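# Architecture and fold: a report
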Amino acid sequence: MDQRKRILLVEGSGRGFLCHYAHALGLGLAGMHHDVLLMTGGRDELAHWHVPFAKQSCMPDGHASWRCLIRAVREFRPDVVHFQWIGQPLAATAFVTWARGHGIRVVYTPHNVLPHRGRWLLTPAYRLFYRSVDAVVARDRNIAWGLEEILDVGKDRIIHLPGSPNLMALPGVPGTWAPDLPPKKADERWLLYFGHGSGRKGLPLLLQALQDDCPRNARLVIAGEGVLAGVEAEALSALQGVVPVTVVDRYIQPSEVAELFRAADLLVMPYVKQCRSPLLELAQAFHLPVLRSDRVEAGRFVDGIHGFTVPAQDALALAVGVRAALAGDRLATVRQALRREESAVAGIQRLAAGHHRLYEALTEGLAAQGKTVAGLAEISHA
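Report follows, based on the coordinates.

The rules behind each value
Residues numbered from 1 in each chain as written. Predicted model: local features only at pLDDT ≥ 70, side-chain atom pairs only at ≥ 80, totals over all residues. Heavy atoms only, no water. Buried < 20%, exposed > 50% of the residue type's maximum accessible area, 1.4 Å probe, protein only. Helix = DSSP H or I, 4+ residues; strand = E, 2+ residues; numbered from the N terminus. Contact = heavy atoms within 4.5 Å. Pairing = 2+ DSSP bridges. Axes fitted to C-alpha atoms, helices over the stretch in contact; angles between N-to-C directions. Parallel < 35°, antiparallel > 145°, perpendicular 65-115°, else oblique. Left-handed = near helix turned anticlockwise from the far one by under 90°. Nonpolar A, V, L, I, M, F, W, Y, C, P; charged D, E, K, R; others polar. 1 Å grid on protein atoms, 1.4 Å probe; cavity = no way out; pocket = protein on both sides within 12 Å on 5 of 7 lines; lining within 4 Å. Points joined across faces, edges and corners; volume = space filled by probe spheres on them. Core = buried A, V, L, I, M, F, W, Y, C linked by side-chain atoms within 4.5 Å.

Attention now goes to helix H8 (residues 254-263). H8 sits mainly inside the fold: seven of its 10 residues count as buried. Of the positions making up H8, those classed as buried are Pro-254, Glu-256, Val-257, Ala-258, Leu-260, Phe-261 and Ala-263. For H8, the secondary structure elements touched by its buried residues are helix H1 (16-31), strand E8 (189-194), strand E9 (218-223), strand E11 (266-269) and helix H9 (279-285).

As structure tokens, this is what we get:
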């Protein structure tokens with residue numbers, strides 16, 4: 001049977017990590033000659049990027065998105081619908097029932113096994129949804145553990161396909177210098193605090209740590225939409241008298257993110273909350289060392305290769321960690337180790353190859369309608 005499949009990828013946010021992951025997967029699948037249609041949000045931040053597959057930006061908030069998706073399924077006639085995130089588990093379960101009734105396989109990649117808000121209240125609905133799909137892709141072993149232990153997903157339907165290659169790190173992709181960033185001086189070391197604002201991401205602790213003990217030639221760059229959430233104006237002003245501080249409190253365009261991560265010397269993540277952050281993988285893609293608290297989880301993070309780890313909620317340990325990271329040639333050593341890691345091109349090819357095997361297993365008669373697919377677990381290790 002023809003190995004070429006019609007794959008409908010669904011990523012409704014159009015922003016951030018999910019958007020970039022879905023585009024990278026689509027690029028890899030198109031490179032394997034699959035017909036790909038990506039359904040994304042109306043705020044698609046990669047709308048201006050040329051990609052070798054079809055896209056539709058018609059995923060509004062609410063139930064209208066399901067009508068849009070059903071219309072796309074009827075027109076595109078996919079072999080597989082692959083969701084990248086679900087915010088309405090009951091509506092999603094109804095869609096899966098409808099799609100499977102039309103002979104379409106449905107796959108889900110949860111980038112968190114449950115949403116951040118209302119997770120325990122919604123757990124029964126998500127458990128129902130997880131049971132309805134044909135296969136669930138786990139990007140790392142911790143997600144696979146959560147799927148099995150918390151949501152009762154059988155091992156035979158969990159496929160381990162690690163990696164999160166980023167399009168911005170592909171060779172030849174240009175960056176844009178943000179107009180509100182100063183030129184970087186030759187002797188400066190940029191400490192980057194990046195992301196959407198949250199009082200539980202530890203920025204106040206970082207300000208305190210740097211005020212108490214600031215390395216020579218350091219500049220703190222604070223960038224992201226609402227990035228100063230939870231920060232007292234007095235604390236920021238006090239630090240600005242000790243160390244140069246640049247604040248870019250706005251949405252950062254993808255090309256600006258790429259250039260910022262290339263310019264930075266150390267990404268600092270002093271999180272107070274326990275969090276699995278895609279920033280770690282973004283930093284790895286740009287060979288940027290990370291100083292993280294032990295509350296920041298990762299699919300793979302090795303101290304000395306990807307960066308350094310300090311105890312959470314400890315300003316003294318954070319200050320010592322920053323100074324130690326900037327000492328001598330430690331950052332250069334980490335960058336060298338990061339350059340030996342998998343490239344963005346190889347990561348996209350590997351991710352696409354794993355998904356190709358999954359789609360082939362789901363659609364080549366290895367499972368009867370309504371049954372799990374025997375042997376799917378082997379795809380994780382093929």
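Moving on, we get to the sheet that holds strand E2 (residues 35-40). One open sheet holds the seven strands; their spatial order is E3-E2-E1-E4-E5-E6-E7, and the pairing between them is parallel. The two strands at the open ends of the sheet, each matched to only one other strand, are strand E3 (54-57) and strand E7 (158-160). Taking the axes of each pair of neighbouring strands and ignoring which way they run, one obtains an average angle of 20° across the sheet. Both strand E1 (residues 6-11) and E2 contribute to a ladder of six bridges, which runs parallel. Looking at the pairing, Arg-6 lines up with Asp-35 of E2.

The phi angle at Asp-152 is positive, at roughly 60°, despite the residue not being glycine. Here Asp-152 shows up in the loop between helix H5 (141-149) and E7. Using a relative accessible area of 43% as the deciding quantity, one classes Asp-152 as partly exposed. One non-glycine residue, Gln-313, lies in the positive phi region at around 60°. Relative to the elements of secondary structure, Gln-313 occurs in the loop between strand E15 (307-310) and helix H10 (315-326). With relative accessibility at 59%, the residue Gln-313 sits in the exposed group.

This part is about the packing of helix H2 (residues 64-76) against helix H3 (residues 89-101). At their nearest, the axes of H2 and H3 sit 11 Å apart, and the two run at 15° to each other. Classed by the angle they form, the pair H2 and H3 counts as roughly parallel. Considering only the axes of H2 and H3, their crossing is right-handed. In this structure, H2 contributes Trp-66, Leu-69, Ile-70, Val-73 and Arg-74 to the contact, and H3 contributes Ala-91, Ala-92, Phe-95 and Trp-98. Here the residues of the contact of H2 with H3 sort into eight nonpolar, no polar and one charged.

Our focus in this paragraph is empty space enclosed by the protein. Enumeration according to the criterion identifies one cavity of 30 Å³ or more in this entry. Approximately 40 Å³ is the volume found for the largest cavity. As for the largest cavity, its lining consists of Phe-17, His-20, Tyr-21, Ser-164, Pro-165, Asn-166, Glu-281 and Leu-282. Counting only elements with at least two residues in the lining of the largest cavity, the list comes to H1 and H9. If you tally residues by element for the lining of the largest cavity, the top one is H1, at three residues.

Moving on to the nonpolar core. In summary, soluble globular proteins display a tendency toward joint burial of nonpolar side chains. By size, the foremost hydrophobic cluster in this structure holds 40 residues, and its most contacted members are Leu-192, Phe-194, Leu-260, Phe-261, Leu-267, Met-269 and Leu-279. Of all elements in the fold, only H1, E8, E9, H8, E11, H9 and helix H12 (344-363) reach the threshold of two or more residues within this core. With five residues, H8 is the single largest residue contributor to this core. When sequence neighbours within four positions are dropped, the list of residues in contact with Leu-260 reads Leu-181, Trp-190, Leu-192, Phe-194, Val-221 and Ala-223. Residues Cys-68, Ala-72, Tyr-130 and Leu-147 belong to the second largest nonpolar core, which totals 35 residues.

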